[in-house]
Structure formats: structure tokens, C-alpha cells
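Summary of the model geometry
Letter by letter, the chains look like this.
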Amino acid sequence: MDNHDAAIQFIDVNYSVEDTSILKNLTGIFPKAKITTIVGPSGAGKSTLFRLCNCLRSPNSGEIYINGKRISDYDPITLRKMIGLALQNAPMISGTVWNNLELPLKLQGKQLIEEEAKRLLLLVGLEEKFLFHKVGDLSGGQRQKVSIARTLVNRPKVLLLDEITSSLDRVSQHEIEELIVKINKEFSTTVIWITHNLQQAINVSDYTWVLMNGELVEAGDASILTSPTNERVQQFVKGESF
Amino acid sequence: MNYITLLLALIFVILPLILSKTLHLDLEKDTIIATVRSIIQLLLVGYLLHYVFDSDHFFYILLMLILMISAATQNARKKGGSVTGITWKLVVTFVFIEILTQGILIGLHITPAKAQYIIPISGMVIGNSMVLAILFLNRFTSEIEAHHEETELILSLGGTPKQAVHIPLITAIKSSTIPTIESQKTIGLVQLPGMMSGQIIAGADPIQAVQFQLLILFLLLSTAVITSALLGYLSYPSLFNKKMQLIKTNFSS
Ligand SMILES: Nc1ncnc2c1ncn2[C@@H]1O[C@H](COP(=O)(O)OP(=O)(O)O)[C@@H](O)[C@H]1O
Ligand SMILES: [Mg+2]
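Residues numbered from 1 in each chain as written. Chains lettered and ligands numbered in written order. Predicted model: local features only at pLDDT ≥ 70, side-chain atom pairs only at ≥ 80, totals over all residues. Heavy atoms only, no water.

**Comments concerning the overall build of chain A**
The condition that has to hold: In this text, helices come from DSSP runs of H or I with a minimum length of four residues, and strands from runs of E with a minimum of two, each type numbered from the N-terminal end. In this setup the radius of gyration rests on C-alpha atoms only. A globule is expected at 2.2 Å times the number of residues raised to 0.38. Three labels apply to residues, based on accessible area from a 1.4 Å probe with only protein chains included: buried if under 20% of the type maximum, exposed if over 50%, partly exposed otherwise in between.
Helix and strand counts for chain A stand at 9 helices and 10 strands. Here chain A has a C-alpha radius of gyration of 18 Å; the compact-globule value for 242 residues is 18 Å, and the two agree. Expressed as lengths along the three principal axes of its C-alpha atoms, the size of chain A is roughly 50 × 40 × 35 Å. Put simply, chain A has 242 residues, and 55% of those count as buried.

As C-alpha cells, this is what we get:
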């Protein structure tokens, strides 16, 4: 794939924390306006990779390009508004669902319209009545839905989704998959989606990364998962239940 | 009181020593160190003050204040976490508090500009400020640790570092100043404040002593809130780097 088509490009990226190497010589792209899934065992460095894309961390060496521009040349705040990140644990600020939905705009001194908040809730499959519920009272799945809705508030050009359906039932999982695909098609949003669910990865991806032990083992379309040729990918796919 | 009676007062040190020994509390060493240190330090200060009050020279007052602020900084720096540049941040805080309080006291003729007033009042203000600084830094550290996911969330949504630490910062400022405010609510009911008791024992009119005590209380209230707030706003930026990323290692002491 041509580099012009890359929303995000990694070139020989290394990241370590106190002598522990977490991402190793990472080189690869996330194609623009496509859905890329990232799969791999836990501890592989997937969430860390998202933190690098969102400028919450910086690589020790190598370069990350976002839309052809070096990530270090961006103002971090502008970049973070452009790249929406749904964090793995769906952290919430204390208060209500509304407090969390209005947060992205409030941080910019803007105001979220209540109708818009309700529309976002319906989009992720939560009833309107949840708007003024305390986040402490939500189930894990409901929190994940609120987290997705909150990430959509800024209307980011790139969506980084970190295991956003891990606490959802089958039906909700499919609804979220449909929603993300729809957003991708409608707004040409680039989606990068970390998932533990290989079936989900196969369902939604245009492109897939297999990340193991901080290394990009293989990248390609879903066939690298359905009929793996790489030995390490074969091993990994065998170990995961579909 | 003279040195003979002071010697007799050592009975009050021997009692806990005996108790510690018989109950195996293992407090003997610390008790002895504390006793010896307090005798040396206070006598030294007493003679120093005697000299300074006699001369009442501005230079000596300044020297005493510098000593107090250095000691307070040294102490708070050791116990209050390891924010980068904490030393000068503490110095700025203590100097600011000192100038503000003495400026108001002397400027508005609440107390005379004499060593006899400036030094003890500064001692209480800076000492209190030091305790608050330690309380605040400890609390801020634990709040940041407890809320680091929210902090990261706000950053990831494009919030500024200030927005990201707002809640931990406010919580730490509040909770470090609450003990000061609470203790003032019951003051005089349970125990008489040390300074007032001292004055009364030394023969001062109780009403006069109360007036002074109230002045000190109000001063300490100001000191508490200003110390925590100022130190908070001086120290939170060192939690972040230029790219507005949270540097965790900076705050674990
Ligand atoms: N701040 C950190 N300090 C030390 N180690 C970390 C830190 N963040 C992540 N790690 C380590 O990096 C590795 C990758 O973590 P992570 O990116 O969360 O993996 P994944 O999301 O693939 O499960 C893990 O071994 C984890 O323990
Ligand atoms: Mg993860």
C-alpha cells in the first residue's frame, strides 16, 4: 500500500520504559479511511501503540507520521482532538453520563447540546434516560458505550478504539460493529481497532496488524487471520477461541 | 523559672522513659534524642533571640528569617515528595507568605515593626506553612496516583495539563487545609492554644492573650490556604513535559 494512503505511518519506532523495551522497530501503516484492526496477545503493546498515536507518550526513536506530517510537529492538543481515543478501561470522570459526554467540548470552552448528547446515546445503543445517571451506577458494558459516545463528540478524523466491546453481550457487540462501519463509510473516518475477538476483527477489517511481544509480526487483509501462513500468527490464531 | 526548676522538669522525660522500658515500647532512643535536641535548639534560639531583640537591628531580623525559611524548606523538601524544582518552589511559597503576612501586619500597624513581634510571628507562620506544604504535597501525590486514569482521559481528549489535574489539585488543596479550619472551630473549648497559655503563665492579661491568639489563628488560616494553593499552582506543571504528557516518575517520592 502506498504511503500517501496512510493516515498514520510508523517508521522504525521504538518505545521503552526504564530499559524495558515495549515496542520494537515498528514499521507499518494504518490506511486512510479504512478500518484496521490490531490483534495480539495481551501485553503485546497494543494499548501503548495507541498512546503513541495520541501523543500521550513519545517514541524513544523512530518517527510517526500523521497525515504525512511528523507527530512531533503537531501541537499536542490539536492532534488529540483530531485523533479520538477510546481508552481500554473506559475511564470516567465522576458525575453523570452527561458530565462525561459534555467533557470533550467543555475542555474547549464549548457547550454540548442536550439533543446531541441523546442522539449519541441512541447511536451507541443506550436509552435517553441514562443521560443523567451517575457513572458509578453503570455496568461495565454501559460504561464502554458511554466511552464510545464520548469519543465521538469531537468528531475525530481518526478513531482509536481499544477493546471497546470486551464487556458487551453479542447483540451489543454487533450493534457497535455496525455503528463503527457506518461512521467509517459515512465520514471516511480512519478507524484503528484493537480487539481480542478474532471474529470481530475478521468481520470489520479492511486491514489487520498482528502485534506480538512489541513487534509487528504481520500486516495485511483479514486472510492473514482466516488462512494464516506466518507461523507465529498460526500459533496465535490457534490459541484464540472464535 | 530557673535552671534548677528546669532540671526538675526533666522528671517529665524520665516518666515516659521508664514506661517505655517496662512496656518494651522501644521509644527510649527517640525520646532521648528528642529531649536533647529540644534543649539545645530552644536554648540556642533563646540566646539568639535575646541578642537579636537587644540589638533590634534589621540585618539580624533578616538573618533569622532566612534561617527559618531555609530550615522549613529543607524539612519540607525531604518529606514532601520529589517534584522537580521543589526547593525553589518552597522558597517562593515561604517568602511570599512571609512578605504578605508581615506586610499586612506592619503596613496596617496591627503589630509594631520590632524583632520581638516579627520573629515569633514569622516563626509560627513559616512553621505552619511548612506543615501545610508537606500535607499538601503528600496529598497531591496520592490524588494524582489515584486519579491518573482521569488525568490521562482529559489529556487524550485534548485538555490542557491544568484541566487534567484540576480535580486532584483542588481536592489536595481542600483536604490539606481542612484540618486547620476544623481545629479552629473547637479551639478554646478543649485546649488552650500553646501560645496563649504561655502568655497567660508568663503573666499577661488573658484578654490581651486572647486577642493575640486570635490574630495568630487568622494568620494561620490565611497561611494554610495560601500555602497549599500557591504550592499547588507552582508544582503541577512539573508533572508534565513540553508535549503535555504526564511524567509519572516525577511525583513518586
Ligand atoms: N507505564 C508503564 N510502565 C511500565 N510498563 C508498562 C507501562 N505501560 C505498559 N507497560 C508494559 O508494556 C507492555 C505492553 O502493555 P500494553 O500496551 O498495555 O499491552 P496490550 O494493550 O497489548 O495488552 C506490558 O508488558 C506492560 O506491562
Ligand atoms: Mg491493552
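**So, the coordination of the magnesium ion (ligand 2)**
All names here are of chain A. For the record, the criterion: Any N, O or S atom lying within 2.8 Å of the metal counts as a donor, with the limit raised to 3.2 Å for Na, K and Ca; because water is left out of the atom set, some sites can appear incomplete.
Protein coordination at the magnesium ion (ligand 2): the donors are Ser47 (OG) and Gln88 (OE1), at 2.1 to 2.2 Å from the metal. On the criterion of sequence distance, the pair formed by Ser47 in helix α1 (residues 46-53) and Gln88 in the loop between β6 (83-86) and α3 (97-106) is long-range, its members being 41 residues apart. Since its relative accessible area comes to 33%, Gln88 is described here as partly exposed.

**Comments concerning the interface of chain B and chain A**
Here is the rule we go by: Contacts are residue-level and defined by heavy atoms, with any inter-residue pair within 4.5 Å sufficient. Two parts placed together each lose some accessible area under a 1.4 Å probe, and the buried area is that loss summed for both. By salt bridge we mean one thing: a side-chain nitrogen of Lys or Arg within 4 Å of a carboxyl oxygen of Asp or Glu. Any N or O atom pair separated by 3.5 Å or less is treated as a polar contact, with the protein-specific requirement of one donor-capable and one acceptor-capable atom, and with residues adjacent in sequence counted only for side-chain atom pairs.
Of the residues lining the interface, 17 residues belong to chain B; the matching set on chain A comes to 24 residues. Buried area between chain B and chain A, summed over both chains or domains, comes out near 1900 Å², and the portion from carbon and sulfur atoms is 58%. Where chain B packs against chain A, one counts 2 salt bridges. Residues Glu152 of chain B and Arg51 of chain A are paired through a salt bridge, measuring 2.6 Å at the closest nitrogen-oxygen approach. At the boundary of chain B and chain A, one finds 9 residue pairs in polar contact (both at pLDDT 80 or more). The dominant element in the side of chain B that touches chain A, judged by the number of residues it contributes, is helix α7 (residues 148-156) of chain B, at 7 residues.

**Notes on the site of ligand 1**
Residues and elements named next belong to chain A. Under the convention used in this document: For this description, a residue counts as near a given molecule or strand if any of its non-hydrogen atoms is within 4 Å of it. To be clear on the numbers: accessible area is Shrake-Rupley with a 1.4 Å probe, and residue cover counts the displayed protein chains and nothing else. Residues are grouped as follows: Ala, Val, Leu, Ile, Met, Phe, Trp, Tyr, Cys and Pro are nonpolar; Asp, Glu, Lys and Arg are charged; all remaining types, including Gly, are polar.
By nearness alone, every residue bordering ligand 1 is listed as Val17, Ile22, Pro41, Ser42, Gly43, Ala44, Gly45, Lys46, Ser47 and Thr48. Within the backbone of Ala44, an N or O atom sits 3.2 Å from an oxygen atom of ligand 1. Out of a free accessible area of 560 Å², ligand 1 has 58% covered by protein chains. With 3 residues, α1 is the largest single contributor of residues to the shell around ligand 1. Grouping the constituent residues of the shell around ligand 1 by class yields 4 nonpolar, 5 polar and 1 charged.

**Some details on unusual backbone geometry**
In this model, Asp19 of chain A sits at a positive phi of 70°, which is unusual for a non-glycine residue. Here Asp19 of chain A is to be found in the loop between β1 (6-17) and β2 (20-31). The class for Asp19 of chain A is exposed, based on a relative accessible area of 83%. With phi around 60°, Met244 of chain B is a residue other than glycine that occupies positive phi space. Position of Met244 of chain B among the secondary structure elements: in the segment after α10 (206-235).

**Examining the UniProt feature "transmembrane region" (unreviewed entry) in chain B**
Residue and element names in this part refer to chain B. Put simply, the rule is: UniProt positions are given in the numbering used here, feature names are shortened, and annotations may be inferred rather than shown by experiment.
UniProt annotation of "transmembrane region" (unreviewed entry) refers to residues 57-76, 88-111, 117-137 and 214-236 when read in the numbering used here. The straight-line gap between the two end C-alpha atoms of residues 117-137 is 30 Å; of that span, 100% is helix and 0% is strand. Helix makes up 96% of residues 214-236 and strand makes up 0%, while its end C-alpha atoms are separated by 33 Å.

**So, the pattern of salt bridges**
Between side chains of opposite charge, a pair can form when the charged atoms approach closely. On inspection of all chains with the given rule, the structure shows 11 salt bridges over all chains. For Glu143 of chain B, the salt bridge is made with Arg139 of chain B, and the minimal N-O distance between the two is 3.0 Å. Within this pair, Glu143 of chain B and its partner Arg139 of chain B are both found in helix α6 (residues 115-146), separated by 4 residues, close to a single helical turn. Under the relative-accessibility criterion, Arg139 of chain B is labelled partly exposed at 33%. The network of salt bridges with common partners includes Arg51 and Arg57 of chain A together with Glu152 of chain B.

**Here's the deal with the nonpolar core**
The criterion, for reference: Working definition of a nonpolar core: buried Ala, Val, Leu, Ile, Met, Phe, Trp, Tyr and Cys residues. They are joined through side-chain atoms within 4.5 Å.
Formed by 74 residues in total, the largest nonpolar core has its most connected members in Ile8, Phe10, Ile38, Leu49 and Ile66 of chain A. A total of 11 residues in this core trace back to one element, the largest contributor, which is α6 of chain B. With 34 residues, the next largest nonpolar core counts Val135, Val146, Leu161 and Ile176 of chain A among its residues.

**Remarks on the sheet that holds β1 of chain A**
All names here are of chain A. Note the following rule: A pair of strands counts as paired when DSSP detects no fewer than two bridges linking them.
Across the sheet, 4 strands lie side by side as β2-β1-β4-β5; this open sheet has antiparallel pairing. Edge positions in the open sheet fall to β2 and β5 (69-70), since each of these has one partner strand only. Judged from the 2 bridges that link them, strand β4 (residues 61-66) and β5 form a sheet pairing that is antiparallel. Directly across from Ile66, in β5, lies its bridge partner Lys69.

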